[in-house]
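Structural characterization, general
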Amino acid sequence: MPLTNERAEELAEQCRQFRVDVLTAIHGAQSGHPGGSLSVCEILTLLYQELMNVDAKRPDDPDRDRLVLCKGHAAPMLYRNLIEKGFLPADSMATLRKLDSQLQGHPSIHTPGVEMPSGPLGIGLSAAQGMALGLKLNGSPARVYAVLGDGELNEGAVWEAAMSAPKFGLDNLTAIVDWNKVQLDGTTDEIMPIRDLPAKWSAFGWNVVRCDGHDLQALCSAVELARATKGVPTVIIADTIKGKGVSFMEGKAAWHGKAISDEDYAKAMAELGGDR
Amino acid sequence: MAQAIREVYGNVLTELGEQNKDIVVLDADLSGSTKSKVFGQKFPDRFFNMGIAESNMVATAAGLSTTGKIPFVNTFTVFLTTLGLIATRAQVCYGNLNVKLGGAYCGMSDALDGATHHATEDMAAMRALPNMTLLVPSDATSTRWATEYAAKTWGPFYLRLSRDVYPDLYAPDYKFECGKGAIVRDGNDVTVIACGLLVHKAIEAANELEKKGVSVRVVDMYSVKPIDRELILKCAEETGAIVTAEEHNIYGGLGSAVSEVLAWAGAGVPTEFVGIRDTFTESAPYAQLLAKYGVDANGVAAGIEKALTRKK
């Protein structure tokens with residue numbers, strides 16, 4: 001079902017607020033990854049706040065949907081979504097990257113709501129595949145989402161899983177590539193050209209859906225297409241903008257992982273309506 | 001009697017699969033060698049051949065374990081503990097997941113394939129990972145115990161298995177305990193603390209030296225992590241000299257683990273390290289390799305004699 005206009009507006013407002021809160025936490029930590037946290041905002045927010053069957057009151061429900069944030073450096077946006085779902089206390093964002101915090105720089109499985117540690121790139125899709133295999137063996141209706149970065153696609157292990165998931169017919173597995181076209185040292189074209197990304201997945205046997213990764217309606221339709229596809233896994237190639245929502249961060253590799261100065265923070269808040 | 005460790009492992013795994021439907025097995029296109037194929041033929045729905053993709057295999061096992069499955073992951077030791085290491089560290093151990101790693105061809109047991117296929121630093125890597133339990137079976141009975149114990153005990157396990165045939169050492173009803181070692185031959189002058197194949201080489205060496213009037217104790221340290229501190233300290237005190245013996249680099253494995261215990265306790269005694277001396281190995285028949293790299297009965301005997309000279 002498509003989102004109602006009213007629901008789409010609510011989610012868009014949540015995304016705006018999550019961007020504010022994530023940048024506030026990264027600014028507070030004086031460390032973290034603004035660019036990739038902002039680009040993945042709509043993807044994570046739509047999944048957690050609208051589509052996935054997850055409930056903080058039943059964290060061990062065997063039939064819960066799972067999400068692996070393969071691009072673990074976008075952890076702050078994951079944490080903000082988990083707070084909204086009630087897995088973590090609202091004030092925990094301020095503890096990001098601080099001693100004794102539940103909010104590690106990269107996701108730890110010891111954080112409520114986190115299904116798999118992540119951060120080292122390349123191995124998240126495989127772990128999601130393992131979850132999907134296990135759920136199928138258990139006869140569970142649960143679905144597994146693996147959210148990958150595009151820099152991450154440099155890692156060969158991603159393509160090991162790209163090859164194996166169709167072999168196992170994992171139609172309960174959906175990979176979503178946050179295709180923001182920028183990695184740490186520069187654009188993906190400069191660092192390691194990915195060339196025809198949809199064709200690559202297609203050649204491995206995946207159902208490929210491409211959409212605007214900041215358009216909630218388009219993303220929602222893509223996930224529904226994935227759910228309806230039988231026999232093969234689906235990859236959603238989501239066209240996104242690194243640093244989306246903050247003009248001076250957009251498309252800039254420099255904002256992959258950089259502390260935010262007080263001055264830049266104030267500018268970003270003004271753009272995002274942070275004082276609303 | 002003597003039995004091939006990999007055969008015993010494959011058979012025990014299959015028996016366990018019969019008893020527990022949550023056990024699943026993964027292999028990286030070496031199931032005929034690791035003997036995980038025995039399980040695969042019996043339970044094709046719970047056997048996943050991942051192709052030659054070790055990183056994908058270990059990470060897939062990590063995911064499987066979060067759905068209540070108990071994955072046993074198999075390939076040659078050297079590939080499992082190198083190509084599989086990132087997922088072992090970042091997912092299996094950091095997540096304290098219920099994944100069991102079976103390193104099938106430890107040490108130089110894949111003799112003719114040469115240095116690229118020998119695993120001589122795997123214990124160093126696996127031992128340094130928090131949450132990991134490291135067991136090294138030395139015969140059919142201990143292989144059975146280690147496999148069964150790993151299956152029924154929560155957490156990451158690394159089983160250091162051999163391609164080779166080991167003589168029987170334990171009675172079928174022997175009570176093994178994780179975190180313990182076993183005195184498999186008693187003696188008073190020196191203790192050899194060994195694991196895997198080297199337990200047998202140590203016993204051979206001890207039997208030879210007995211003819212010269214030397215009384216050698218042999219400990220099978222089948223649980224390398226956690227390790228039996230009490231037994232190590234007792235042997236140091238009672239025999240006054242220690243020789244460690246392993247089919248592994250002398251750096252980072254059993255010898256290091258034993259030395260750490262002695263140093264922490266301030267209980268140092270003359271200690272010799274029998275193992276591969278920080279070098280790459282080569283292709284040859286297994287017995288010739290063991291002799292050349294000093295990890296046969298002669299190598300252990302030489303270590304014992306050095307330790308005894310220093311003890312005097």
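Scope of this entry: the structure provided in the associated data block. Given the structure is predicted, the values throughout are model-derived calculations rather than measurements.

1. Thoughts on the overall build of chain A
Within chain A, the secondary structure is distributed over ten helices and five strands. Taking 276 residues into account, the globule formula puts the C-alpha radius of gyration at 19 Å, and chain A, at 17 Å, falls close to it. Its C-alpha atoms give chain A principal-axis dimensions of roughly 50 × 45 × 40 Å. Looking at the 276 residues of chain A, the share that counts as buried comes to 60%.

2. As for helix H9 (residues 216-228) of chain A
Residues and elements named next belong to chain A. Over its 13 residues, H9 extends 18 Å from the first C-alpha to the last, a length consistent with the 18 Å expected when each residue adds 1.5 Å. For H9, the set of buried residues is Leu216, Leu219, Cys220, Ala222, Val223 and Ala226. The buried residues of H9 all sit within an arc of 160° when viewed along its axis, so they share a single face. For H9, the secondary structure elements touched by its buried residues are helix H1 (5-29), helix H3 (41-51), strand S2 (144-149), strand S3 (173-179), strand S4 (207-212) and strand S5 (234-239). A side-chain oxygen of the first residue of H9 lies 3.0 Å from the backbone nitrogen of Gln217; this N-cap is Asp215.

3. Thoughts on the nonpolar core
Residues Leu125 and Trp201 of chain A are the most contacted members of the largest nonpolar core, which totals 78 residues. Considering each element in turn, this core owes the most residues, seven residues, to helix H5 (residues 124-138) of chain A. Counting contributing residues per domain, this core is built from domain 1 (2-167) and domain 2 (182-311) of chain B, each supplying no fewer than three. With sequence-adjacent residues up to four places away left out, Leu125 of chain A is seen in contact with Cys70, Ala146, Leu148, Val158, Ala161, Ala162, Leu173, Ala175, Trp201 and Trp206 of chain A. Of all hydrophobic cores here, the second largest spans 62 residues; its members include Phe39, Ile70, Leu289 and Leu308 of chain B.

4. Let's talk about the interface of chain B and chain A
Contacts between the two partners involve 24 residues from chain B and, on the opposite side, 29 residues from chain A. Across the contact surface, chain B and chain A share zero salt bridges. There are eleven residue pairs in polar contact (both at pLDDT 80 or more) connecting chain B and chain A. For the side of chain B that touches chain A, the elements supplying multiple residues, two or more each, are strand S3 (47-49), helix H4 (54-65) and helix H6 (85-93) of chain B. In terms of residue count, the dominant contributor to the side of chain B that touches chain A is H4 of chain B (eight residues).

5. Observations concerning the packing of helix H1 (residues 5-19) of chain B against helix H8 (residues 140-152) of chain B
Packed helix pairs are specified by the crossing angle of their axes together with the interaxial distance, meaning the distance between the axes. Residue and element names in this part refer to chain B. Relative to each other, H1 and H8 sit at 40°, their axes nearing to 9 Å. Here H1 is positioned oblique relative to H8, judged by the angle of their axes. Seen from above, H1 lies across H8 with right-handed handedness. Every residue of H8 that contacts H1 at Ile5, Val8, Tyr9, Val12, Leu13, Glu15 and Leu16 is listed here: Ala140, Thr143, Arg144, Thr147, Glu148 and Ala151.

Conventions adopted
Residues numbered from 1 in each chain as written. Chains lettered and ligands numbered in written order. Predicted model: local features only at pLDDT ≥ 70, side-chain atom pairs only at ≥ 80, totals over all residues. Heavy atoms only, no water. Helix = DSSP H or I, 4+ residues; strand = E, 2+ residues; numbered from the N terminus. Rg over C-alpha atoms; globule rule 2.2 N^0.38 Å. Buried < 20%, exposed > 50% of the residue type's maximum accessible area, 1.4 Å probe, protein only. Expected span 1.5 Å × (residues − 1). Arc of directions from axis to C-beta. Contact = heavy atoms within 4.5 Å. Polar contact = N/O pair within 3.5 Å; in protein donor to acceptor, adjacent residues only side chain to side chain. Core = buried A, V, L, I, M, F, W, Y, C linked by side-chain atoms within 4.5 Å. Domains from an automatic or database assignment. Salt bridge = Lys/Arg side-chain N within 4 Å of Asp/Glu carboxyl O. Axes fitted to C-alpha atoms, helices over the stretch in contact; angles between N-to-C directions. Parallel < 35°, antiparallel > 145°, perpendicular 65-115°, else oblique. Left-handed = near helix turned anticlockwise from the far one by under 90°.

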